[in-house]
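Geometric and topological summary
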Amino acid sequence: MGSGPVAGSVRARYLVFFQYVGTDFNGSAAVRGAQRAVGVQNYLEEAAEKLKSVVPVKFIISSRTDAGVHALSNAAHLDVQRRAGQPPFTPEVLTEALNTHLRHPAIRVLQAFRVPTDFHARHAATSRTYLYRLVTGCARYDQLSVFERNRCWALRADRLDMAAMQEAAQHLLGTHDFSAFQSAGSPSTTSVRTLRRATVSLGPAGPLVLPQESRRLQFWSLEFESQSFLYRQVRRMTAILVAVGLGAVTPAQVKTILQSRDPLGKHQTRVAPAHGLFLKSVRFGGLRDLAAGSPHCAQQESQGPGGREAPAWPEDPGLETSGPKAGSLE
């Protein structure tokens with residue numbers, strides 16, 4: 001991370017899980033310079049200044065999210081280098097310190113873990129899951145609960161054809177060239193991705209919706225899991241599935257669109273709004289139940305880089321080893 005050696009100081013690397021409501025931010029990544037826009041990373045690094053690290057703390061975020069996109073649980077790694085004679089912070093102290101100094105109420109650090117100094121939060125991620133929330137039966141924006149605004153895509157339709165959407169989602173599963181669902185500006189060198197899961201379900205109205213409104217409104221959840229996604233891939237797949245649910249596109253057409261590899265086709269220009277999208281979890285090979293910052297993690301010891309002992313994480317054989325370059329650009 002560009003930190004030079006300091007005599008007698010100890011550098012510790014941490015993996016932190018954090019969440020945010022993305023409404024006020026220009027995405028998860030820091031915005032540098034004199035621009036008025038600000039990213040979640042700006043606030044995290046501002047809070048980290050209070051740690052008084054010998055070398056400025058930089059957050060390397062696992063999954064970059066767009067402006068307005070939320071995260072139930074994102075992840076990042078960071079290095080803290082304390083002065084000579086000062087032991088590394090415990091993960092609990094680090095978590096408490098960051099939350100104490102965070103100046104934006106829409107961001108919260110969930111939990112931190114010590115990791116080896118060669119751990120990389122973006123490259124080591126083996127699975128990312130996105131949740132997209134929809135609501136039907138909302139003819140006008142002012143008919144949506146104020147507590148749900150900016151947290152779901154309100155459709156004017158009274159219903160969606162869930163069976164057709166589920167059928168269409170099956171065509172997206174597996175390893176494909178997802179060029180047809182990629183927005184311009186993606187830095188990815190390949191558009192081939194493996195979509196492990198794509199689900200469409202009808203959920204109950206939340207507790208923040210009044211009983212008389214819950215009879216009119218229906219909430220829907222779309223979930224997508226992959227090791228990594230292309231730029232705006234989830235929002236474009238969501239838009240197509242919504243078009244299927246509204247009867248504008250057939251499930252068979254989704255397969256044709258995918259095979260076309262054409263991001264500028266008749267139906268591919270649709271992009272679901274950012275405010276309905278949530279990064280639900282980021283998982284790592286060997287990290288059990290940490291996608292949501294689970295407090296239950298039995299620590300064990302393993303050899304760290306250079307033969308030094310470093311805290312390790314419980315093995316989880318259900319998660320595969322990550323590829324060399326895994327990133328997320330939703």
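Residues numbered from 1 in each chain as written. Predicted model: local features only at pLDDT ≥ 70, side-chain atom pairs only at ≥ 80, totals over all residues. Heavy atoms only, no water.

**A word on the overall build of the protein**
Within the protein one finds six helices and 12 strands. When the 330 residues of the protein are sorted by exposure, 52% land in the buried category. Intrachain contacts of the protein at a sequence separation of at least 6 include 73% that bridge at least 24 residues. Accessible surface for the protein amounts to roughly 15,400 Å². Of this, 51% is attributable to carbon and sulfur atoms. (Helix = DSSP H or I, 4+ residues; strand = E, 2+ residues; numbered from the N terminus. Buried < 20%, exposed > 50% of the residue type's maximum accessible area, 1.4 Å probe, protein only. Contact = heavy atoms within 4.5 Å. Areas by Shrake-Rupley, 256 points an atom, 1.4 Å probe, with all protein chains shown as cover.)

**Remarks on the pattern of salt bridges**
If you walk through the whole model with that rule in mind, you get 13 salt bridges. When the shortest N-O distance is used, the salt bridge between Asp 177 and Arg 261 registers 3.8 Å. One end of the pair, Asp 177, is in strand β7 (residues 174–177); the other, Arg 261, is in the loop between α6 (251–260) and β10 (277–284), with 84 residues separating them in the sequence. Of the residues examined, Arg 261 reaches a relative accessible area of 54% and is grouped as exposed. Two residues, Glu 225 and Arg 197, come together in a salt bridge whose shortest N-O distance is 3.4 Å. Of this pair, Glu 225 sits in strand β9 (residues 218–226) while Arg 197 sits in strand β8 (residues 192–203), placing them 28 residues apart in sequence. (Salt bridge = Lys/Arg side-chain N within 4 Å of Asp/Glu carboxyl O.)

**Topic: unusual backbone geometry**
Here Lys 52, not a glycine, exhibits a phi torsion of approximately 55°, which is positive. For Lys 52, the position within the fold is in the loop between α1 (40–48) and β2 (60–61). Within the chain, Arg 261 stands out as a residue other than glycine whose phi angle is a positive 60°.

**Description of helix α2 (residues 91–101)**
Taken together, the buried positions of α2 are Pro 91, Leu 94, Thr 95, Ala 97 and Leu 98. Considered in projection along α2, the buried side chains sweep an arc of 165° and stay on one side of the axis. Exposed side chains of α2 directed beyond 90 degrees from the buried face belong to Glu 92, Glu 96 and Thr 100. Among the structural elements, β1 (10–20), α1, β3 (70–82) and β4 (107–115) are those in contact with the buried residues of α2. (Arc of directions from axis to C-beta.)

**Digging into the pairing of β4**
Counting buried positions along β4 yields seven of nine residues, so the element is predominantly enclosed. Where β1 meets β4, eight bridges bridge the pair, whose relative direction is antiparallel. Across the sheet, Gln 19 pairs through a bridge with Arg 108, a residue of β4. (Pairing = 2+ DSSP bridges.)

**Re α6**
If you check which residues of α6 are buried, you get Pro 251, Val 254, Ile 257 and Leu 258. Buried residues along α6 cover an arc of 100° about the axis, so they all sit on one side. Residues of α6 that are exposed and angled more than 90 degrees away from the buried face: Ala 252, Thr 256 and Gln 259. Taken together, the buried residues of α6 touch α3 (162–170), β7 and α5 (233–245). Looking one or two residues beyond α6, the residue adopting positive phi is Arg 261, at roughly 60°.

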